[in-house]
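Observations on the model geometry
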Amino acid sequence: MDVNAAVAAAAAIAGVLTGVIAVLAFRWSEREQKRPTRTSLHTDPVLPPGVDTVLSVLRSSAVVLDEADAVVKASSAAYALGLVRGGKMSVEPMLQMARDTRRDGEIRQVELDLPRRGTGRGEALAVSARVAPLGSRLVLLLVEDLTEARRIEAVRRDFVANVSHELKTPVGALSLLSEAVMGASDDPEAVERFAGRMQIEATRLTNLVQELIDLSRVQNDDPLEDAEPVRIDELVAEAIDRCRHQAGAKQITMASGGTAELRIWGNRGQLAAALGNLVENAVNYSPARTRVGIAARRVTAPGGDLIEIAVTDQGIGISDKDKERIFERFYRVDPARSRATGGTGLGLAIVKHVAASHSGEVTVWSSEGQGSTFTLRLPEAGAARDRSTRQTTSGLDEETGRTDGTTTVSSPYESFSAPEVLP
């Protein structure tokens with residue numbers, strides 16, 4: 001009897017111990033499941049309330065790092081800039097800034113140049129990085145892309161320098177010539193010669209100022225505010241009349257042709273200036289006793305019919321290197337010749353802005369020694385009115401007047417007939 005009681009007691013004690021151990025194991029398991037792990041820190045929504053919404057509307061690239069430098073949140077722009085790769089911060093200077101800020105809580109800001117992804121030309125992205133603590137464990141990194149702002153700043157600086165140089169040249173010449181006139185007051189022939197030079201420099205200065213005004217106007221004005229149907233025939237006749245004297249002096253034949261009765265929708269003054277600049281360039285860069293052709297035609301395009309106006313010359317032509325820059329302000333293919341003819345280097349920049357503001361484009365075909373063909377493509381009157389509400393200037397660099405990849409087309413000179421020869 002005593003043996004049976006002892007066995008029963010031992011069994012009872014063993015059962016109690018087993019129950020206690022099971023309860024303790026269950027409690028320990030629950031505690032371990034609730035304890036945050038390194039993985040759960042990245043997968044659970046640990047951002048403070050509202051932060052996720054704020055980051056989603058910021059223009060800056062945003063990255064949130066935890067105490068282990070793991071990425072908790074990153075915007076799509078951060079991936080596009082290459083700041084985050086494989087779930088980790090890939091820019092060591094920014095990562096070090098985040099560690100320093102996590103350690104002392106101070107806000108830091110620095111400007112860096114980062115290698116551009118996907119290019120082998122060593123181009124750099126200029127960025128401004130700002131790091132600040134976010135709560136007790138997180139760090140927020142905001143990165144602003146300054147590449148475009150720096151480029152525009154550099155272009156504006158170059159533009160001011162170019163304008164200053166171009167203005168100082170005729171102004172300085174006028175000053176020297178006036179002194180020469182005063183010193184040669186007793187020599188009528190010298191006075192006449194110096195006065196003629198002064199007139200040339202004054203004309204050059206007047207043209208430069210006027211083209212600067214024209215360029216500023218076409219950049220700032222909306223051409224569709226005063227838009228009207230404009231006949232191509234009238235624009236061509238006006239451009240030919242504008243260059244009749246220069247062409248006659250060089251015995252250059254100007255011929256017009258193509259489809260008659262075409263119209264485009266836009267600002268007549270700006271369109272006349274653009275076509276006039278193309279014709280004037282063709283005459284200035286053509287040798288004596290050659291031919292300049294101007295022709296227009298209608299072409300079919302997915303968004304509506306386009307009007308092509310081609311200006312073809314038999315001049316010196318343009319090299320492939322120069323084709324990429326001819327629409328820049330003050331850029332000259334042949335500086336000596338352009339200065340001899342009074343060129344300012346702004347004519348093609350004006351043409352480019354006028355074409356873009358009218359939802360069109362200007363392209364160039366050229367071969368050295370064989371001449372050039374500049375083609376204006378503009379929407380026809382009806383199609384242009386439909387496009388006025390969705391006008392765009394894609395591919396246009398407002399600050400440089402330069403296209404991203406100037407397109408070339410085969411010369412349309414042979415395909416356009418020019419039955420009318422104007423003396």
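Residues numbered from 1 in each chain as written. Predicted model: local features only at pLDDT ≥ 70, side-chain atom pairs only at ≥ 80, totals over all residues. Heavy atoms only, no water.

1. Topic: the overall build of the protein chain
Looking only at helices and strands, one finds 14 helices and 17 strands in the protein chain. Counting the 423 residues in the protein chain, one finds 41% classified as buried. Once local pairs closer than 6 in sequence are excluded, the contacts in the protein chain between residues at least 24 apart make up 67%. When the accessible surface of the protein chain is totalled, it reaches about 23300 Å², and 53% of it is carbon and sulfur. (Helix = DSSP H or I, 4+ residues; strand = E, 2+ residues; numbered from the N terminus. Buried < 20%, exposed > 50% of the residue type's maximum accessible area, 1.4 Å probe, protein only. Contact = heavy atoms within 4.5 Å. Areas by Shrake-Rupley, 256 points an atom, 1.4 Å probe, with all protein chains shown as cover.)

2. Overview of the pairing of strand β6 (residues 124-134)
Buried residues dominate β6, accounting for 8 of its 11 residues. The hairpin turn running from β6 into strand β7 (residues 138-145), its antiparallel successor, is 3 residues long, and Gly135 in that turn takes a positive phi close to 75 degrees. (Pairing = 2+ DSSP bridges.)

3. Quick word on the packing of aromatic side chains
The description of two aromatic rings rests on the distance between their centres and on the angle between their planes. Counted under the stated rule, the structure contains 0 aromatic pairs. Note that Arg193 overlies the ring of Phe194, its terminal NZ or CZ placed 5.1 Å from the centroid. Over the face of the ring belonging to Phe327 we find Lys352, whose NZ or CZ atom lies 5.4 Å from the ring centre. (Phe/Tyr/Trp six-rings, centres within 6.5 Å; stacked < 30°, edge-to-face > 60°. Lys NZ or Arg CZ within 6 Å of the ring centre and 35° of its normal.)

4. Some words on helix α5 (residues 92-104)
The terminal C-alpha atoms of α5 lie 19 Å apart, and with 13 residues this matches the ideal 18 Å at 1.5 Å per residue to within 8%. For α5, the secondary structure elements touched by its buried residues are β1 (61-65), β4 (88-89), β5 (108-115), β6 and β7. Two residues or fewer past α5, Gly105 is found with a positive phi of approximately 75 degrees. (Expected span 1.5 Å × (residues − 1).)

5. What to know about the sheet that holds β1
Overall, antiparallel pairing links the 5 strands, which are arranged β2-β1-β7-β6-β5 in an open sheet. Of all strands in the sheet, those bounded by a partner on one side alone are β2 (71-74) and β5. Neighbour to neighbour, the strand axes of the sheet diverge by 25 degrees on average, direction disregarded. Pairing of β5 with β6, which is carried by 8 bridges, proceeds in the antiparallel orientation. Residue Leu112 lies in a different strand from β6, and its bridge partner there is Val127. Contacts from α5 reach β1, β5, β6 and β7 within the one sheet, and its direction differs from that of β5 by about 165 degrees. (Axes fitted to C-alpha atoms, helices over the stretch in contact; angles between N-to-C directions.)

6. Some points on the packing of helix α10 (residues 268-284) against helix α13 (residues 347-357)
At a minimum axis distance of 9 Å, the contact between α10 and α13 shows a crossing angle of 140 degrees. One way to sum up the angle between α10 and α13 is to call them oblique. Once α10 is placed against α13, the crossing between them reads as left-handed. Across the interface between the two elements, Gln270, Leu271, Ala274, Asn277, Leu278 and Asn281 of α10 pack against Gly347, Leu348, Ile350, Val351, Val354 and Ser357 of α13. (Parallel < 35°, antiparallel > 145°, perpendicular 65-115°, else oblique. Left-handed = near helix turned anticlockwise from the far one by under 90°.)

7. Describing α10
For α10, spanning 17 residues, the distance from its first C-alpha to its last is 24 Å, which sits close to the expected 24 Å at 1.5 Å a residue. In terms of residue burial, α10 counts as a mostly covered element, since 12 of its 17 residues are buried. Within α10 the residues assigned to the buried category are Gln270, Leu271, Ala272, Ala274, Leu275, Gly276, Asn277, Leu278, Val279, Ala282, Val283 and Asn284. A side-chain oxygen of the first residue of α10 lies 3.0 Å from the backbone nitrogen of Gly269; this N-cap is Asn267. (Polar contact = N/O pair within 3.5 Å; in protein donor to acceptor, adjacent residues only side chain to side chain.)

8. Some remarks on a negative patch on the surface
On the surface, Asp186, Asp187, Glu189 and Glu192 cluster together into a negatively charged patch. By relative accessible area, Glu189 is classed as exposed at 63%. (Patch = residues over 30% accessible without salt bridge, like charges linked within 9 Å, V, L, I, M, F, W, Y side chains within 5 Å. Salt bridge = Lys/Arg side-chain N within 4 Å of Asp/Glu carboxyl O. Lys, Arg positive; Asp, Glu negative; His and termini not counted. Charge placed at Lys NZ, Arg CZ, Asp CG, Glu CD.)

9. Digging into the confidence of the model for the protein chain
For the protein chain, per-residue confidence averages 75 on the pLDDT scale, and residues scoring 70 or more make up 70% of the total. For the stretch residues 36-45, pLDDT sits under 50, and the model shows 7 contacts to residues farther than four places along the chain or on other chains. Considering only residues more than four positions removed or in separate chains, one finds that residues 387-423, a stretch of pLDDT under 50, has 92 contacts. (pLDDT = per-residue confidence, 0-100.)

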